[in-house]
Amino acid sequence: MSTFVSPDLIRAQFSRAMSDMYRAEVPLYGNLIDLVGQVNADTLSADDALAQQLTRTGEIDRLDAERHGAIRVGTADELATIRRLFGVMGMVAVGYYDLSSAGVPVHSTAFRATHEDSLRVSPFRVFTSLLRLELIGDVSLRAVAAETLAKRDIFTPRVRELIALHESAGGLTQAEADEFVQNALETFRWHHTATVSPELYKQLHDENRLLADVVAFKGPHINHLTPRTLDIDAAQVAMPLAGIAAKAVIEGPPPRSCPILLRQTSFKALEEAVNFTAADGTVYAGSHTARFGEIEQRGVALTPKGRALYDRLLNAARATQKGPTTDANAQAYMANLSAHFAAFPDDHATLRAQGIGYYRYFTTDVAVPTALKGDTVTLDVLIDAGCVAFEPLVYEDFLPVSAAGIFQSNLGENGQSDYATSANQAGFQAALGHTVLDELALYAETQRRSVDACAAALGVTIASENIAAEAAA
Ligand code: OOG
Ligand code: NI
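In this text the structure is predicted, and so the values were computed from the model without any measurement.

Chemist: What should I look at first to understand the site of ligand 1 in this one?
Modeler: Looking at ligand 1, the residues that line it are His-68, Ala-70, Arg-72, Phe-127, Asn-223, His-224, Gln-264, Glu-294, Phe-398, Ala-403, Ile-406 and Phe-407. A distance of 3.0 Å separates an oxygen atom of ligand 1 from a polar side-chain atom of His-68. In the complex, the protein chains occlude 100% of the 320 Å² of accessible area that ligand 1 would expose alone. Under a 2 Å grid-point criterion requiring more than half of the atoms, the pocket assigned to ligand 1 is the largest cavity. Mapped onto the shell around ligand 1, the elements with two or more residues apiece are strand S1 (68-73) and helix H16 (400-411). By residue class, the composition of the shell around ligand 1 is 6 nonpolar, 4 polar and 2 charged.

Set out below in structure tokens:
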């Protein structure tokens, strides 16, 4: 009997293969990785407490692994098959992101692992956007785009077979997994030749740069990969010094002592040589701008209550900001953001006690006082007695406002339009052929499992009303 490889290991193997491919295709990305490695090493040697925390949560082992990549697909069929492809690697659709309200004609999800044990093996996830042709105002261009997309197949025949095999057999052997990774990679590869004429490319591009990026090529090339940095402010300063053109501002929350959610920055997309073929077969040299490199710093996942506070403060700060963020107003933007976020508690004890953040609980080597044994106790009592410690549960998802900022800095300011329509999660799920999971429920489950493990290890019953973050919805 042949044994199946764990989907977590296939995902780890795939993310390494993707990283190698992207580094070979986009050398500047390799420079970014080196820069991040240096920043992380400096940060760890200067901060013992951080080094210990990362060791305790197991995060240290996955520090160098890329955290995410992104693709943009063109049709419901492509999205549905991508879902099955990621399924082979234990990645499911988590969350729904509406980008139309930010002027980008897509909606998105994140394909990722959901269990903390799986995330520890490989945190790799893919932000996956589906083009919303219905938002494109030019009806005849919309039809041409749909026709062009209908002609392509972004999957190799073999990867389709291996996906089906995985679904019917319940897994893949190592030899099959190797073949799967090689074939899956083909879907994400860059193509030097567009599938459209130079005229059509120009029409698509003038309507919306994203439309050209999705429609004019053979497949949904990976448009960036993103390693994790332990100090994104230091990395943002170091990027231009290393000759890497950084976007104007770091997206997400301002710098804090206790990082929350996600902060991101990127280097601007590169203009790359591409050939276009006219109807008469003549090849024209041109260029296309799509691929970039990004870095991220992740902090504690927020409960619904915490997320509402984050959204309120972010919106308030942005409401006072005039026009897009540029190099010229970047410092003022950050100062304004920090001023607004002064209202957000900035120590883990408070974030936990007020039910703002999700935490993971661990037993220490302090035994439970005999007086407490056999009773129902609260987490607070166990923490005060020193028997239980807690660490922030890392946010594993994305932020719609930040994602829009990343899109816009790589699509150019004029890539932005105003779309009257709004979110359409039901439409997205119909295209996907599946519902998307609620990310907040996943954090609550991980937190709950850690509490249950403490209770079992200590031989006590832990009162559930005390798990602040669960009560905060
Ligand atoms: C995706 C941009 C969003 C992120 O990290 O928020 C993103 C794209 O440009 O396709 O990757
Ligand atoms: Ni990204």
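Chemist: Would you mind going over the coordination of the nickel ion (ligand 2) with me for this structure?
Modeler: Under perfect tetrahedral coordination by four donors, a metal shows angles of 109.5 degrees; under perfect octahedral coordination by six donors, it shows angles of 90 or 180 degrees. Summarising the metal site, the nickel ion (ligand 2) is bound by the protein donors His-68 (NE2), His-224 (NE2) and Glu-294 (OE), whose distances to it range over 2.0 to 2.1 Å. Expressed as a motif, the donor residue spacing for the nickel ion (ligand 2) is H-x155-H-x69-E. Of this pair, His-68 sits in strand S1 while Glu-294 is found in strand S9 (residues 293-298), placing the two residues 226 residues apart along the sequence. Looking at His-68, the relative accessible area reads 1%, which means it is buried. A relative accessible area of 1% means that Glu-294 is categorised as buried.

Chemist: Explain the pattern of salt bridges here, please?
Modeler: Two side chains of opposite charge can pair, provided their charged atoms sit close to one another. Taken as a whole and assessed by the stated rule, the structure comprises 25 salt bridges. Arg-132 is paired through a salt bridge with Glu-134; the nearest N and O atoms lie 3.1 Å apart. On the basis of relative accessibility, which here comes to 2%, the residue Arg-132 falls in the buried class. Judged by its relative accessible area of 45%, Glu-134 is partly exposed. Put simply, Glu-25, Glu-272 and Arg-291 are held in one network by salt bridges that share partners.

Chemist: What is the right way to look at the layout of surface pockets in this model?
Modeler: Rolled over the atoms, a probe sized like a water molecule indicates the empty space that remains. Looking at the largest pocket, its volume works out to about 800 Å³. Along the walls of the largest pocket sit 42 residues, with Gln-53, Arg-228, Arg-298, Gly-299 and Val-394 positioned nearest its centre. Put simply, the parts of the chain that give the lining of the largest pocket at least two residues each are helix H3 (48-56), helix H5 (116-121), S9, strand S12 (388-392) and helix H18 (439-458). The element that contributes the greatest number of residues to the lining of the largest pocket is H3, accounting for 4 residues. For the lining of the largest pocket, the per-class residue count stands at 16 nonpolar, 11 polar and 15 charged.

Chemist: Is there a simple way to think about the pairing of strand S6 (residues 262-267) in this case?
Modeler: Side chains on a regular strand alternate between the two faces of the sheet. For S6, a buried count of 6 out of 6 residues is recorded, marking the element as mostly surrounded by other parts of the structure. Taking every second residue as pointing to the same face, both faces of S6 are buried, with Leu-262, Gln-264 and Ser-266 on one and Arg-263, Thr-265 and Phe-267 on the other. Pairing between S6 and S9: 6 bridges, direction antiparallel. Across the sheet, residue Gln-264 finds its bridge partner in S9, namely Glu-296.

Chemist: Explain the pairing of S9 to me, please; I cannot follow it from the model alone.
Modeler: Judged by how many residues are buried, S9 sits mostly within the fold: 6 of 6 residues are covered. Both faces of S9 are covered, namely the face carrying Gly-293, Ile-295 and Gln-297 and the face carrying Glu-294, Glu-296 and Arg-298.

Chemist: Would you explain the sheet that holds strand S4 (residues 125-131) in this entry?
Modeler: Note on sheets: strands pair through backbone hydrogen bonds, and any given pair is parallel or antiparallel. Strand order in the open sheet made by the 5 strands is S2-S3-S4-S1-S5, with mixed pairing throughout. Unpaired on one side and paired on the other, strand S2 (92-98) and strand S5 (224-226) mark the two borders of the sheet. The average undirected angle you get between the axes of adjacent strands in this sheet is 25°. Direction of pairing for S2 relative to strand S3 (residues 106-112): antiparallel, over a ladder of 5 bridges. Bridge pairing in S3 places Asp-98 opposite His-107. Where helix H17 (residues 425-432) meets the sheet, it contacts S2, S3 and S4, and its direction lies at approximately 55° from that of S3.

Chemist: Would you explain the packing of helix H7 (residues 157-169) against helix H8 (residues 174-188) in this entry?
Modeler: Relative orientation of the contacting elements H7 and H8 amounts to 135°, with a least axis distance of 9 Å. With respect to their mutual orientation, H7 and H8 come out oblique. Here H7 runs over H8; the crossing is left-handed. Seen from H7, the contacting residues are Arg-158, Val-159, Leu-162, Ile-163 and Leu-165; seen from H8, they are Glu-176, Glu-179, Phe-180, Asn-183 and Ala-184. Taken together, the residues of the contact of H7 with H8 sort by class into 6 nonpolar, 1 polar and 3 charged.

Chemist: Would you explain the environment of Ala-441 in this entry?
Modeler: Along the chain, Ala-441 turns up in helix H18. Of the residues examined, Ala-441 reaches a relative accessible area of 31% and is grouped as partly exposed. The sequence separation of Ala-441 and Thr-303 amounts to 138 residues, and the corresponding C-alpha distance is 9.5 Å.

Chemist: What exactly am I supposed to notice about the packing of aromatic side chains here?
Modeler: Working definition: an aromatic ring pair is given by the centre-to-centre distance plus the angle between the planes. Scanning all chains against the criterion turns up 17 aromatic pairs. Centroid distance Tyr-201 to Phe-276: 4.6 Å. Interplanar angle 50°. Geometry classified as tilted. Placement of Tyr-201 in helix H9 (residues 198-207) and of Phe-276 in strand S7 (residues 271-277) is noted, with a sequence separation of 75 residues between them. With a centroid separation of 5.6 Å and an interplanar angle of 55°, the aromatic rings of Tyr-310 and Phe-341 are classed as tilted. Here the residue Tyr-310 occupies a position in helix H12 (residues 304-319), and Phe-341 occupies one in the loop between helix H13 (330-340) and helix H14 (348-353), the gap between them amounting to 31 residues. The positively charged end of Arg-352 is found above the aromatic ring belonging to Phe-390, 5.0 Å away from the centroid.

Chemist: Help me out: how do you make sense of helix H1 (residues 7-25) in this one?
Modeler: Structural remark: α-helix, 3.6 residues per turn; residues separated by three or four positions point the same way. The end-to-end C-alpha distance of H1, which contains 19 residues, comes to 26 Å, matching closely the 27 Å that a straight helix rising 1.5 Å per residue would cover. Buried residues of H1: Asp-8, Ile-10, Arg-11, Ala-12, Gln-13, Phe-14, Ser-15, Ala-17, Met-18, Ser-19, Met-21 and Tyr-22, and no others. Where H1 is buried, its residues meet helix H2 (27-46), helix H4 (76-88), H5, H8 and S5. A side-chain oxygen of the first residue of H1 lies 3.0 Å from the backbone nitrogen of Asp-8; this N-cap is Ser-6.

What counts and how
- Residues numbered from 1 in each chain as written.
- Chains lettered and ligands numbered in written order.
- Predicted model: local features only at pLDDT ≥ 70, side-chain atom pairs only at ≥ 80, totals over all residues.
- Heavy atoms only, no water.
- Near = heavy atom within 4 Å.
- Polar contact = N/O pair within 3.5 Å; in protein donor to acceptor, adjacent residues only side chain to side chain.
- Areas by Shrake-Rupley, 256 points an atom, 1.4 Å probe, with all protein chains shown as cover.
- 1 Å grid on protein atoms, 1.4 Å probe; cavity = no way out; pocket = protein on both sides within 12 Å on 5 of 7 lines; lining within 4 Å.
- Sits in = over half its atoms within 2 Å of the grid points.
- Helix = DSSP H or I, 4+ residues; strand = E, 2+ residues; numbered from the N terminus.
- Nonpolar A, V, L, I, M, F, W, Y, C, P; charged D, E, K, R; others polar.
- Donors = N, O, S within 2.8 Å, 3.2 Å for Na, K, Ca; no water.
- Buried < 20%, exposed > 50% of the residue type's maximum accessible area, 1.4 Å probe, protein only.
- Salt bridge = Lys/Arg side-chain N within 4 Å of Asp/Glu carboxyl O.
- Points joined across faces, edges and corners; volume = space filled by probe spheres on them.
- Pairing = 2+ DSSP bridges.
- Axes fitted to C-alpha atoms, helices over the stretch in contact; angles between N-to-C directions.
- Contact = heavy atoms within 4.5 Å.
- Parallel < 35°, antiparallel > 145°, perpendicular 65-115°, else oblique.
- Left-handed = near helix turned anticlockwise from the far one by under 90°.
- Phe/Tyr/Trp six-rings, centres within 6.5 Å; stacked < 30°, edge-to-face > 60°.
- Lys NZ or Arg CZ within 6 Å of the ring centre and 35° of its normal.
- Expected span 1.5 Å × (residues − 1).

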